[in-house]
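# Examination of the molecular architecture
Here are the chains, one letter per residue:
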Amino acid sequence: MTDNSFPNPFILERADPQILRHGGRYFFTATVPAYDRIVLRGADTLDGLRTAAETTIWVRHPEGAMGSHIWAPELHRVGDGWYVYFAAGEAATATGDVWKIRMYVLENLNDDPLTGEWTEKGRIATPVDSFSLDATTFAHGGTQYLCWAQHDPELKGSNTSLYLAALANPWTLAGDPVEISRPELDWETVRFAVNEGPYALVRNGKVFITYSASGTGAEYCVGLLSADADADLLDPASWSKSPVPVFTTNAANGIYGPGHNAFTTAEDGTDLLVFHARAYEEITGDPLDNPDRHCRIQPFGWRADGTPDFGEPLPES
C-alpha cells in the first residue's frame, strides 16, 4: 500500500496504540511515557482523535500491585460493559518489585467510556504466576477469547510466548490457556526472544493474530498467526505462523521498529493498521526511557489468498 494521505506521526509519544471504532465514534488509548496512568480520547471522526482532549481514567497505585510500569492499555466493548486491559508492576518501594508485571482489568458500565466510573476488577489469574502482559480480547463463534504474552519459566532462553484462552467473564479465564506461538525464528529472537502485543482480525474465513517480536529497537517487527475460522482455536495445531515478518523497519522511508499494532477502519471503510515506530535507528540510553515511539496509521490491503498485505511503513508526512 502506498497511500500516505494520513498525517504521520498521527499522535506523538503514544506507544502501544489502539484505535477502536464503536457506535459511530472513535476511541484511542496507548502507553504514556511516564508509565503512570491510563488515558482515553474520543472523537466523532478519526482525524478528531489527534486533537481530542485526553481523559485520565485511572492512575497507578502509590504502593503494592498496579504501582508501576502501566503498559499497553486496550479498550474493548464486551457485552454491556467497557473493559480496559493493561499490564502493571508493583510500586517502586522497598518491598515492591517493579518487574512483577501482571495483567489487570478495569470495568465501566456506562454507555460512554469517557464518562461514568471505572472500577478495578483485579488481576487476571493464570495457571502459572509469571511475567505477563499485552492482553487483548476478541469474540468469535460465540466465545470470548483472551490472548496475551507470558513468560514460561520452564522454557529456557525465551522471554514471552503467546497464549490463548476462553473467558468466563471479561476478567476470568474459563479454562487452561494454550500456547499458540513461541519465539523460535531468527527474526523473533534479535536481542530478546519475544512474542508480544497480539491483536486479532477475523476476515475471509480466517482468524488472524498479529504480534510483535524481538527487542524494542529497529529489530522490532510484526508477525502473523492464522487459523481457519471454523477450527478449534484452542488447539495449538489449528494455528500456523508466517515464516517471515509481515511488517518491518524500512530504512529508506526512515521508519524503524514498527510494532505493537491494532486495527481499525476509516470512515469510508478502509482497513487501517495502527502501530508505533521511531523515526531514527539508534536509541540513546535506556529504551524504556525513550518517548519517541509515536502512534502511526496507514491503510492496508488483502492478497488474493485472503491474507492481509500490510506493505511497508510509510515515511512521515
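Read on for a plain summary of the structure. (Residues numbered from 1 in each chain as written. Predicted model: local features only at pLDDT ≥ 70, side-chain atom pairs only at ≥ 80, totals over all residues. Heavy atoms only, no water.)

### With respect to the pattern of salt bridges
Following the criterion strictly, the structure yields 15 salt bridges and no others. Residues R41 and E54 are paired through a salt bridge, measuring 2.9 Å at the closest nitrogen-oxygen approach. In this pair, R41 sits in strand 3 (residues 37–43) while E54 sits in the loop between strand 3 and strand 4 (55–59), placing the two residues 13 residues apart along the sequence. Judged by its relative accessible area of 10%, R41 is buried. Given the relative accessible area of 29%, E54 is considered partly exposed. In this structure, the salt-bridge partner of E90 is K100, at a minimum N-O distance of 3.7 Å. (Salt bridge = Lys/Arg side-chain N within 4 Å of Asp/Glu carboxyl O. Helix = DSSP H or I, 4+ residues; strand = E, 2+ residues; numbered from the N terminus. Buried < 20%, exposed > 50% of the residue type's maximum accessible area, 1.4 Å probe, protein only.)

### Observations concerning the packing of aromatic side chains
Applying the stated rule across the entire model yields 16 aromatic pairs. Here the aromatic rings of Y83 and W171 are separated by 6.3 Å at their centres, their planes lie at 35°, and the arrangement is tilted. Taken as a pair, Y83 in strand 6 (residues 81–89) and W171 in the loop between strand 11 (161–169) and strand 12 (172–173) lie far apart in primary sequence, 88 residues in all. Since its relative accessible area comes to 5%, Y83 is described here as buried. (Phe/Tyr/Trp six-rings, centres within 6.5 Å; stacked < 30°, edge-to-face > 60°.)

### Side note on the environment of P313
Within the secondary structure layout, P313 lies in the segment after strand 22 (308–309). Residues in contact with P313, not counting those within four places in the same chain, are F247, T248, N250, N253, I255, P258 and Q298. (Contact = heavy atoms within 4.5 Å.)

### Examining the sheet that holds strand 16 (residues 221–228)
Whenever strands of a sheet pair, they do so through backbone hydrogen bonds, lying parallel or antiparallel. Read across the sheet, four strands follow the order 14-15-16-17 without closing on themselves; strand pairing throughout is antiparallel. The open sheet has two edge strands with one neighbour each: strand 14 (195–203) and strand 17 (240–241). (Pairing = 2+ DSSP bridges.)

### Observations concerning the pairing of strand 9 (residues 132–140)
For strand 9, the tally of buried residues reaches eight of nine residues, placing the bulk of the element in the interior. Pairing of strand 9 with strand 10 (residues 143–150) involves seven bridges; the strand directions are antiparallel. Looking at strand 10, one finds that S132 is bridged to Q150. Linkage of strand 9 to strand 10, two consecutive antiparallel strands, is achieved through a turn of two residues, within which G141 is found at a positive phi near 60°.

### Quick notes on the sheet that holds strand 8 (residues 119–123)
Read from one edge of the open sheet, four strands run 5-6-7-8, paired in antiparallel fashion. Two strands lie at the open edges of the sheet, namely strand 5 (68–78) and strand 8, each paired on one side alone. Put simply, the sheet's adjacent strands are angled 25° from each other on average, direction ignored. Across seven bridges, the pairing between strand 6 and strand 7 (residues 102–108) is antiparallel. Pairing of W82 across the sheet is with N108, part of strand 7. (Axes fitted to C-alpha atoms, helices over the stretch in contact; angles between N-to-C directions.)

### Looking at unusual backbone geometry
For the peptide bond that leads from N8 to P9, omega is 5°, which places it in the cis range. Its location among the elements puts P9 in the segment before strand 1 (15–22). Of note in the backbone geometry, M66 takes a positive phi value of approximately 60° without being a glycine. Among the structural elements, M66 can be located in the loop between strand 4 and strand 5. According to the relative accessible area criterion, M66 is buried, its value standing at 8%. Non-glycine residue D134 carries a positive phi angle of around 65°.

### Section: the state of the cysteines
Counted by the stated rule, this structure contains zero disulfides. The thiol of C221 is unpaired, and the distance to the nearest cysteine sulfur, on C147, comes to 17 Å. (Disulfide = S-S within 2.5 Å.)

### Brief notes about the nonpolar core
Among the nonpolar cores identified, the biggest contains 30 residues, and F10, I19, L46, L49 and I297 are the most heavily contacted of them. Top element by residues in this core is strand 19 (residues 271–278). It accounts for five residues. The residues touching I297, leaving out its near neighbours within four places in the chain, are F6, N8, F10, I19, L46, L272, L273 and V274. With 25 residues, the next largest nonpolar core counts I101, F138, Y211 and L233 among its residues. (Core = buried A, V, L, I, M, F, W, Y, C linked by side-chain atoms within 4.5 Å.)

Function cannot be inferred from these measures alone, as they are strictly geometric.
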